[in-house]
Amino acid sequence: MIMKRNSIGLSTEKSDAISKELNTLLANFQRYYQNLRGIHWNIKGKRFFELHPKFEELYTDANLKVDAIAERILTLGGIPYHTFEDYTQHSKVPVGKNVTKDEDAIRLIVDSLKELLVIERRILNASDEAADEGTNAMMSDFITEQEKTVWMMKAWLAEAI
Ligand SMILES: [Fe+2]
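So, here is what we can say about the structure in this document. Nothing here was measured: the structure is a model prediction, and the numbers come from that model. (Residues numbered from 1 in each chain as written. Predicted model: local features only at pLDDT ≥ 70, side-chain atom pairs only at ≥ 80, totals over all residues. Heavy atoms only, no water.)

1. Description of the side chain of Thr149
Turning to its location among the elements, Thr149 is positioned in helix α5 (residues 133-156). Relative accessible area serves as the criterion here: at 15%, Thr149 is assigned to the buried category. Look past the residues within four positions of Thr149 in its chain and what remains in contact with it is Leu58 and Leu113. (Helix = DSSP H or I, 4+ residues; strand = E, 2+ residues; numbered from the N terminus. Buried < 20%, exposed > 50% of the residue type's maximum accessible area, 1.4 Å probe, protein only. Contact = heavy atoms within 4.5 Å.)

2. As for the packing of aromatic side chains
Summed over all chains, the structure comprises four aromatic pairs. Taken together, a centroid distance of 5.4 Å and an interplanar angle of 85° make the contact between Phe48 and Phe49 edge-to-face. Members of the aromatic cluster, joined through ring pairs, are Phe29, Tyr32 and Phe142. A cation over a ring is seen here: Arg37 above Tyr59, with NZ or CZ 3.9 Å from the ring centre. (Phe/Tyr/Trp six-rings, centres within 6.5 Å; stacked < 30°, edge-to-face > 60°. Lys NZ or Arg CZ within 6 Å of the ring centre and 35° of its normal.)

3. Considerations on the pattern of salt bridges
For the structure shown, the criterion picks out eleven salt bridges. Put simply, Arg47 and Asp102 hold a salt bridge, and the shortest N to O gap is 2.9 Å. Placement of the pair is Arg47 in the loop between α1 (12-42) and α2 (48-75) and Asp102 in helix α4 (residues 102-129), with a sequence separation of 55 residues. Take Asp102: its relative accessible area is 17%, and that puts it in the buried class. Among the ionic pairs, Glu159 bridges to Lys154, the shortest N-O distance being 2.8 Å. Given the relative accessible area of 14%, Lys154 is considered buried. Each of the salt bridges in this network shares a partner with another, and the network as a whole consists of Glu103, Arg107, Lys154 and Glu159. (Salt bridge = Lys/Arg side-chain N within 4 Å of Asp/Glu carboxyl O.)

4. Comments concerning the packing of α2 against α4
Across the interface, α2 lies against α4 with an axial gap of 12 Å and an inter-helix angle of 15°. In terms of orientation, α2 lies roughly parallel with respect to α4. With respect to the hand of their crossing, α2 and α4 are arranged in left-handed fashion. Here Leu51, Phe55 and Leu58 of α2 come into contact with α4, specifically with Asp102, Ala105, Ile106 and Ile109. Here the contact of α2 with α4 is built from residues that sort into six nonpolar, no polar and one charged. (Axes fitted to C-alpha atoms, helices over the stretch in contact; angles between N-to-C directions. Parallel < 35°, antiparallel > 145°, perpendicular 65-115°, else oblique. Left-handed = near helix turned anticlockwise from the far one by under 90°. Nonpolar A, V, L, I, M, F, W, Y, C, P; charged D, E, K, R; others polar.)

Geometric descriptors of this kind do not, in isolation, establish any biological role.
Encoded structure:
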C-alpha cells in the first residue's frame, strides 16, 4: 500500500492523528493559561509581590506555547481549536476558580501541568512513530521545561515529587 504524504513529506493519515492530539493539548493549554491569569489576578497574602509576577512569567510563556501548538497544527494540515466551546469540551486540566491562597495556586499549577505532561508524552510517542521530528522536538522541549517547573513548585510546597 502506498502511503499518502502531505507537502512536508509526512503521512497524511498520521499527521491528521497527531494534529488531533495537538488540538487536545491546545485546549488544555488554554485552560492552564486561564488558570494562570486567574491566580495572577486573585492571589492574596504576604507573598503577593513574589507570586504575582511569577504567574505573569508563566502565563506569558504559556501564551507563546499556545501559539506554537496552533501553528504546528496548521503546519500538519489541521485547523486549531479557537473557540471557548471547543476548549471547554476537550479540557481535562482542572478549572481554578477563586483561587487566592498561595499554596492552592501552586497546587493548581502542578495539577494542570500533570495533565499537560500526560498528553504531551502521548504526542511524543505518536510523533516518534510518524517520524514527525518537528512535533517530537516541540513535545520534548515542553516536557523537559514543565517537569522542571513541577519540581520547583513541589520544592516550594516542600513536598516530594
Ligand atoms: Fe497583570
